[in-house]
Amino acid sequence: MKVFFDMVGCRLNQAEIDLMAMKHISDGDNVVSKAEEADCIFVNTCCVTKKAAADSRKMIRAYQRNTKAKIIAMGCWPSAMLDDAIEIVGPEAIIDNTQKFQLINYSAINFGEVHQKPKLGGRHRTRSFVKVQDGCLNQCAFCLTTIARGKSKSANKESIIQYIHKLEELNVKEIVLTGVQLGSWGKDFLQKKSLFQLIEQILKKTNIPRIRLSSIEPWDVNENLIGLFNEQRICPHLHIPVQSASNEVLKAMRRPSTKEKLFELFDMVHNKAPGVAVTTDIIVGFPDESENDFLQTIQFIKEAGLTGGHVFSFSPMPGTIAATITEQIAPTIVKDRNKTVRLLFTELKNKYLQSRLKSNATVLFESKMRIDNNAFWTGFSEDMLRVIVPNRENLKNAIHPVELKSINDCLIIGRLINN
């Protein structure tokens, strides 16, 4: 059978289609990189926002219209919005998260049958996303994750390291450790473990050149974890979603943090690992967010030493606590607040880019591109900056030192340094 994979949503969904593709290869199927060649198309969906759910439906319908393949909806959208999914694909073409967990368990994959990294069309990545846990221990008022994925469940250390060894065999140069609540890894074990201990073992037992962390909640970041960023193989970038810096809003969101704790945490990160670039997520327009609440968040963004971030307008999702709150913020106010934060993040990112000019970076190159008929290669630096260099040779999956020379529309243009 010829199978094709696509997705909407987070890095965890990327990790899952990587794993599922390997499982199908180990079962004897052919993973194709073009949807029109497939007998069956798996779409790993998302429902973290209304837009993500809509994008999931849109992608599935597009494949239904434009291919003759059987379309399978899997993941969070059918898990949280089953009736909606049944109406579009039917009950027999759904893999909810409970079934998905069983299908892509590490132990279900015969890695010996996988001889190259699956090429996932537009979702193919040079780096690999490694799923170490799923689900969440928290129940934020705005989030469907606990409903869609359940409580936190950790993969065991041995299977994670075995998978990384396989990725090394496949010539992968960078892994991204990912999960719904990455920092909760090991807390569900009978003998509790920590993410710090897992990364220590990965550093000790593997030789993967670059290890990156995906998003990690503020309450899961501690001094032991930050101390690991002194290791050369750990990429110096942290994404810590704070969502708000107003104590009133954080309490309403049911997030176990305060403005004071957030400032203390970010100060610790900058003091213990001064070379680490730190980004965040912010939600604006949460029900009953006052102008003062919003201004406290703005103050935090300006003072926390951030190098950028993402902003989301509050989206009331059916089934969440926040969707039942009647005091919604006027859409025009939400739009203005979103714009204010977006511009501030752009300013911070540009400031960081300027600070990196005339310095060097190590870049893992992913793909080639053309600008005004000139050939460039693009990839990510260790601190998660997209860098492009003029070059006609094949740099795919190569790590090269690069001198950062200039900025073009939030991209850094560099020059390869001879080894």
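Predicted model, so just to flag it, every value in this text is computed and none were measured.

1. Points about helix 7 (residues 157-169)
With 13 residues, helix 7 should cover 18 Å at 1.5 Å per step; its first-to-last C-alpha distance of 19 Å lies within 8% of that length. Here the buried face of helix 7 lies against helix 1 (11-26), strand 6 (128-131), strand 9 (174-178) and helix 8 (195-205). Capping the start of helix 7, Asn-156 holds a side-chain oxygen 3.2 Å from the backbone nitrogen of Glu-158, two or three residues further along. In the stretch just after helix 7, Asn-171 is the one whose phi turns positive, near 70°.

2. Things to note about the pattern of salt bridges
Using the criterion set out here, one finds 22 salt bridges in the structure. Residue Lys-51 pairs with Asp-55 through a salt bridge whose shortest N-O separation is 2.8 Å. In this pair, Lys-51 and Asp-55 are both assigned in helix 2 (residues 50-66), 4 residues apart and thus about one turn of the helix distant. Taking the relative accessible area as the measure of exposure, Asp-55 reaches 28% and is therefore partly exposed. Residue Glu-289 pairs with Arg-337 through a salt bridge whose shortest N-O separation is 2.8 Å.

3. Focus: the pairing of strand 6
With burial as the criterion, each face of strand 6 is covered, one bearing Ser-128 and Val-130 and the other bearing Phe-129 and Lys-131. Here 4 bridges tie strand 6 to strand 9, and the two strands are oriented parallel to one another. Looking at strand 9, one finds that Ser-128 is bridged to Ile-175.

4. A closer look at unusual backbone geometry
Backbone geometry at Gln-243 places phi at a positive 70°, although glycine is not the residue there. Summarising the element assignment, Gln-243 is placed in the loop between strand 11 (237-239) and helix 10 (247-253). The phi dihedral of Asp-372 falls on the positive side, at around 50°, and the residue is not glycine. Topologically, Asp-372 is positioned in the loop between strand 14 (360-371) and strand 15 (374-381).

5. What to know about the sheet that holds strand 12 (residues 277-284)
Across a sheet, strands are paired by hydrogen bonds formed along the backbone, either parallel or antiparallel in direction. If you trace the 3 strands from one edge of the open sheet to the other, you get 11-12-13, paired in parallel fashion. Edge positions in the sheet fall to strand 11 and strand 13 (308-313), since each has one partner strand and no second. Sheet twist, expressed as the average angle between the axes of neighbouring strands with direction ignored, equals 15°. One ladder, built from 6 bridges, connects strand 12 with strand 13; its direction is parallel. What sits directly across from Asp-281, in strand 13, is His-310.

6. Here we look at the packing of aromatic side chains
For the coordinates displayed, the defined rule picks out 8 aromatic pairs. Between Trp-185 and Phe-189, the aromatic rings sit 5.3 Å apart at their centres with planes inclined by 85°, giving edge-to-face as the arrangement. The exposure class of Trp-185 is buried, given its relative accessible area of 2%. A relative accessible area of 22% places Phe-189 in the partly exposed class. Ring centres 5.2 Å apart and planes at 70° place the aromatic pair Phe-286 and Phe-314 in the edge-to-face group. Taken as a pair, Phe-286 in the loop between strand 12 and helix 12 (291-303) and Phe-314 in the loop between strand 13 and helix 13 (331-356) lie far apart in primary sequence, 28 residues in all. Owing to a relative accessible area of 0%, Phe-286 belongs among the buried residues under this scheme.

Basis of the calculations
- Throughout this description, residue numbers start from 1 for each chain and increase along the sequence as written.
- Residues qualify for local features only when their pLDDT is at least 70, as the model is predicted, and side-chain atom pairs are given and counted only at 80 or more; totals for whole chains, interfaces and linings, by contrast, use all residues.
- Excluded from the side-chain calculations are hydrogens and water; all other atoms, namely the structure's heavy atoms, are used.
- A helix here means a DSSP run of H or I that spans at least four residues, while a strand means a run of E at least two residues long, and both kinds are numbered starting from the N terminus.
- One fewer than the residue count of a helix, multiplied by 1.5 Å, yields its expected span.
- Two residues form a contact once any of their heavy atoms are found within 4.5 Å.
- The term polar contact refers here to a pair of N or O atoms within 3.5 Å; inside protein, the definition further demands a hydrogen-donor-capable atom paired with an acceptor-capable atom, and it admits residues adjacent in sequence only when both atoms are side-chain atoms.
- Whenever Lys or Arg places a side-chain nitrogen within 4 Å of a carboxyl oxygen from Asp or Glu, that contact is recorded as a salt bridge.
- Burial status follows relative accessibility: with a 1.4 Å probe on protein chains alone, a residue under 20% of its type maximum counts as buried, one over 50% as exposed, and anything between as partly exposed.
- For two strands to be treated as a pair, DSSP must find at least two bridges joining them.
- The axes are straight lines fitted to the C-alpha atoms, using for helices just the contacting stretch, and the angles between their N-to-C directions are given from 0 to 180°.
- Stacked, edge-to-face and tilted labels apply to pairs of Phe, Tyr and Trp rings (six-membered ring for Trp) whose centres lie within 6.5 Å, assigned for plane angles under 30 degrees, over 60, and everything in between, in that order.

In short, geometric facts, not functional conclusions.
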